[in-house]
Amino acid sequence: MYFKKGYDASMELAKFKFPIKGERLLVIDEYVKTMSLDILGNKESSYNFAIDKTLDEVRGIFKNTVLRYFFDQNNSVAEVVKALEMSPSSFSKIKNRYKKYDYEDLLYPQDVVHFIENHSDLKWKQLNTQFEKEMIMYLFKHYKFNKKVLSEKLGVNYSRLVTKIKEIEQSYEN
């Protein structure tokens, strides 16, 4: 609760050009670390593969990796769509849409594999939603809580990103 209040106060001061350093930075780091541990169920996750990539690239890599990982586990598209509770047409559309990010000859990004293993109880839609929340918060911290830099790196609209971050923060408060 105290880290949350310190985080909110630090973010408010940052809007007025107060530097984020010293004690403000420590409070923000602790709040994000605490929030991340709550989010991840005390399992450390990394999303390093997403650094310096657009949101479309990150989604493409993530979705292709999930589908390929489940395919390798189940050996058929029918089993994959059943396990993930998705339609066969969705499977095909996703494979076609993100074909350019499917690197079948390369190993899975380990960050994504760890995410899948840590969230094995989730189905397709929930898996994507949870991944995006965690990945955005990870990158937000990586880019030193600079929303402008994050929106530029992800190639997304700044105001849409700000709204998304607020929604994520609110979802973890509830």
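Everything below is about the structure printed above this text.
The present account deals with the structure reproduced in this document.

Parameters at a glance
Residues numbered from 1 in each chain as written. Predicted model: local features only at pLDDT ≥ 70, side-chain atom pairs only at ≥ 80, totals over all residues. Heavy atoms only, no water. Helix = DSSP H or I, 4+ residues; strand = E, 2+ residues; numbered from the N terminus. Buried < 20%, exposed > 50% of the residue type's maximum accessible area, 1.4 Å probe, protein only. Areas by Shrake-Rupley, 256 points an atom, 1.4 Å probe, with all protein chains shown as cover. Contact = heavy atoms within 4.5 Å. Salt bridge = Lys/Arg side-chain N within 4 Å of Asp/Glu carboxyl O.

1. Digging into the overall build of the chain
Turning to step 1, where the next piece is worked out: Helices and strands together make up the secondary structure of the chain, namely nine helices and zero strands.
Turning to step 2, where the next piece is worked out: Here the chain, with 174 residues, has 39% of them falling under the buried criterion.
Turning to step 3, where the next piece is worked out: Of the roughly 10,500 Å² of accessible surface on the chain, 52% is carried by carbon and sulfur atoms.

2. What to know about the side chain of T65
Turning to step 1, where the next piece is worked out: Among the secondary structure elements, T65 is positioned in helix α3 (residues 55–74).
Turning to step 2, where the next piece is worked out: Once residues within four sequence positions are removed from consideration, T65 is found in contact with Y108, P109 and V112.

3. As for the pattern of salt bridges
For side chains of opposite charge, pairing can occur when their charged atoms come near one another.
Turning to step 1, where the next piece is worked out: On inspection of all chains with the given rule, the structure shows five salt bridges.
Turning to step 2, where the next piece is worked out: The partner of E132 in a salt bridge is K164, with the nearest N and O atoms 3.4 Å apart. Of this pair, E132 sits in helix α7 (residues 124–142) while K164 sits in helix α9 (residues 158–173), and the two are 32 residues apart along the sequence.
Turning to step 3, where the next piece is worked out: The closest approach of N and O atoms between K148 and E152, which form a salt bridge, is 3.4 Å. Of this pair, K148 and E152 are both found in helix α8 (residues 147–154), four residues apart, which corresponds to roughly one turn of the helix. Grouping residues by exposure puts K148 and E152 together as exposed.

What is shown is where atoms sit, not what they do.
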